[in-house]
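# Analysis of the macromolecular model
Now for the letters of each chain:
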Amino acid sequence: MNLSRREQVTGRVFLIALIVVTLLPFVSMLSAALQPRGTVPSGLEWPSDPQWGNFADAFTAANMGALLRSSLLIVAGVVPVSVLIATMAGFGLGQLRVPGGRLVFGLLLLGLTLPFEAVVTPLYYQMQDFGLLNTRWAIILPLIGLYMPFAVFWMRAHFTNVPVELSEAARVDGSSTWQLFWRVQVPLARPAIASLTILMFLWTWNQFLLAIVLVDDATKRTMAGALGAFQGQWGTDLVLLCAGSLLILTPTLIVFLIFQRQFIKALIQGSVKG
Amino acid sequence: MTSALGSAPTGRDDRRARPTPTRAYRFRWARAAGTGWLYVLPALVMYAVFVLRPLVLTLQYSLYDWNGIGVARWVGLDNYLTVFTDSDLLKIIGNAVVLIVFFSFIPVALGLLVASMVRRITTGAFGTVVRTILFLPQVIPLVAAGIAWSWLLSSNGLVNQVLRAVGLGGVARAWLGDFDTALPAVGVIGAWVLLGLCTILLVTGMSKIDPALYEAARLDGAGPVREFLAVTLPSLRQEIGVCLTVTIIAALASFDIVYISTSGGPGLQTTVPGLEIYRLAFSQRQVGLASALAVVLMLLVLACVLPIQRLTRGEKP
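Definitions and limits used
Residues numbered from 1 in each chain as written. Chains lettered and ligands numbered in written order. Predicted model: local features only at pLDDT ≥ 70, side-chain atom pairs only at ≥ 80, totals over all residues. Helix = DSSP H or I, 4+ residues; strand = E, 2+ residues; numbered from the N terminus. Buried ≥ 20, exposed ≤ 12 C-beta atoms within 10 Å, placed from the backbone. Contact = placed C-beta atoms within 7 Å. Axes fitted to C-alpha atoms, helices over the stretch in contact; angles between N-to-C directions. Parallel < 35°, antiparallel > 145°, perpendicular 65-115°, else oblique. Left-handed = near helix turned anticlockwise from the far one by under 90°. Nonpolar A, V, L, I, M, F, W, Y, C, P; charged D, E, K, R; others polar. pLDDT = per-residue confidence, 0-100. Core = buried A, V, L, I, M, F, W, Y, C linked by C-beta atoms within 7 Å. Domains from an automatic or database assignment.

### Some words on the overall build of chain B
Tallying secondary structure elements over chain B gives 14 helices and two strands in all. Here chain B holds 317 residues, and 46% of them are scored as buried. A separation threshold of at least 6 residues defines the contact pool for chain B, and within that pool the share at least 24 residues apart is 72%.

### Observations concerning the overall build of chain A
Counting its secondary structure elements, chain A contains 13 helices and zero strands. Moving toward the C terminus, one meets the helices and strands of chain A in the order α-α-α-α-α-α-α-α-α-α-α-α-α. Buried residues in chain A amount to 49% of all 274 residues. A fraction of 73% describes how many contacts in chain A between residues 6 or more apart in sequence connect residues 24 or more apart.

### A look at the packing of helix H12 (residues 238-258) of chain A against helix H6 (residues 142-152) of chain B
Viewed as axis vectors pointing N to C, H12(A) and H6(B) meet at an angle of 150 degrees, and their least axial separation amounts to 10 Å. On the basis of their axis angle, the class for H12(A) and H6(B) is roughly antiparallel. The two elements H12(A) and H6(B) meet at a crossing, and its hand is left-handed. Contacts between H12(A) and H6(B) involve Leu238(A), Leu241(A), Cys242(A), Ser245(A), Ile248(A) and Leu249(A) from the former and Ala144(B), Ile147(B), Ala148(B) and Trp151(B) from the latter. Among the residues forming the contact of H12(A) with H6(B), the class breakdown is nine nonpolar, one polar and no charged.

### Side note on the confidence of the model for chain A
Detail in the predicted coordinates should be disregarded across regions flagged by low pLDDT. Predicted confidence across chain A gives a mean pLDDT of 87, with 97% of residues reaching 70 or more. Averaged pLDDT values over the elements of chain A bottom out at 76 in helix H13 (residues 260-273) of chain A and peak at 94 in helix H6 (residues 137-160) of chain A.

### Overview of the packing of helix H3 (residues 64-94) of chain A against H6(A)
All names here are of chain A. Close contact between H3 and H6 brings their axes to 7 Å; oriented N to C, the two are set at 35 degrees. Note on packing geometry: the crossing formed by H3 with H6 is right-handed. Tallied by class, the residues present in the contact of H3 with H6 amount to 17 nonpolar, seven polar and one charged.

### Focus on the nonpolar core
Counting 188 residues, the largest nonpolar core has Ala43(B) and Leu293(B) as the members making the most contacts within it. At 17 residues, the largest contribution of residues to this core is made by helix H8 (residues 182-206) of chain B. Filtering out sequence-adjacent residues up to four positions away, Ala43(B) remains in contact with Ile85(A), Ala86(A), Met88(A), Ala89(A), Met148(A) and Val152(A).

### Some thoughts on the domain arrangement of chain A
Residue and element names in this part refer to chain A. Split by domain assignment, chain A resolves into domain 1 (5-51) and domain 2 (63-273). Taken over C-alpha atoms, the centre of domain 1 sits 33 Å from the centre of domain 2. Contacts between the two partners involve seven residues from domain 1 and, on the opposite side, seven residues from domain 2. Its residues assigned to classes, the side of domain 1 that touches domain 2 shows five nonpolar, one polar and one charged.

### Brief notes about the interface of chain B and chain A
Listed per partner, the contact involves 83 residues of chain B and 83 residues of chain A. Top element by residues in the side of chain B that touches chain A is helix H2 (residues 24-61) of chain B. It accounts for 22 residues. When the residues that make up the side of chain B that touches chain A are grouped by side-chain class, the tally is 63 nonpolar, 14 polar and six charged.

### Looking at unusual backbone geometry
Pro266(B) follows Gly265(B) through a cis peptide bond whose omega is -5 degrees. The residue Pro266(B) is located in the loop between helix H12 (256-261) and helix H13 (273-282) in this model. Not every positive phi belongs to a glycine, and Asn63(A) is a case in point at roughly 60 degrees. Assignment of secondary structure puts Asn63(A) in the loop between helix H2 (53-61) and H3. Under the C-beta neighbour-count criterion, Asn63(A) is labelled partly exposed, with 16 such atoms within 10 Å. With phi around 65 degrees, Asn134(A) is a residue other than glycine that occupies positive phi space.

Listed below in structure tokens is the structure:
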């Protein structure tokens, strides 16, 4: 591409400015987290004597061990089931083309732009009726339902593009529908499934509204919900709050950095299709 | 839970509608269409129980005056009337609309600016680093973004520190606590979260544009502005549509950032519909009014998103 030297330089400068702006909040939090407890930190100021021990204090104060366990349990309850039933439904709608499938798909599209706030009140009373309030199920079950529009939409898009001849060939070989699904179609759908899994993980981990409405006990919430409670409790102790927030971010950041390529691909595709 | 499984009969009806199979493998196919429903059913049941049923209930609640415990009293459309006439509620809806400027327009405009200058982020290590960093705000919980920015925008925070350093100490203030600046300050947090996503999406779209189009524009003597209007903007129509859709939903349905950074204050300056629904339903026990506001919010999202989808996707060649 014929970009003039000057244009290239301006472009770079803009990008670097963008990067600095993106990173500053994290750096500022880190500088505050390393100040001595009980002081009032200001802006960005590298402490003369960084107090790394603050992170240990925050770990105990936030009850990080319990939080991690809770978030993992919720993710384990939501993600595999969501991905499995969405893949099955995507296969049913996109490959088997079940009669009445268009109607089902239309119903699902209805939920694609639905703000969670629109259903959170009835969900509260529904969970109360089921006797599940203040349990992790109160987050897990609704999340699976709420993810279905996007997840089915996503998997259907994949299965619609797989040639039907492939299924027919498997049929002629005498395989059952389940064999066709599990042995032939699922392995082919692996990239779509991987991206979906990443998105579901991230959205579950970061889910806030359902966590604060449906579960009172912070140690039974998602990471984001627990962070909300942590802020409520330690909001005035800025040093500890910053240390705790950074700690709570760390697991996601580690997972993100490891699977960075897949994450970015999933997020780009996710927003394009959503 | 089984009592709520409302979707089972559909499967039966559709199986009846299948034509009589003639040949052997045709027979298997027809049966497969029946069993096909078994694949769709689990997702549909979860969706029906945890989305469709609550949605219908929201509609129902919105027609009643109910405190969540006692007997509900039918009030017809009174709650909707309140939503559209109460000055506080109108202000709250207005706040969400103002946030669109910050959550959508600023990231898309800045993203376009960066994209048209960068054209493509190199595939090398620099590109990877750039993409990773710009995606960080997408990966962390919005709650964390809210906490980080509450600190940056506080009276001792980095923003004021910088202002004082450049001699603008006079305008320094607690940005989120000030009546005039609280809403824009919340908007800035949203802009920070969504800027990276929009930039990457637009740059990715940019790299798909045929360079020959730019060559042609230059040969025709087009300046950077003409080039942007004639080549960049039309080619990126779809990507811009995606950015607008995602960010407008984020603005209208915002909750996390506001809850953490201002709790809607000072006064009602930063209260958004999502937060007000939560408050009305769970603190003030006005479930009916909360539900009416929820329905209005839902329709507002659709009213903003559907035209964008139509404009940017509908007329594809």
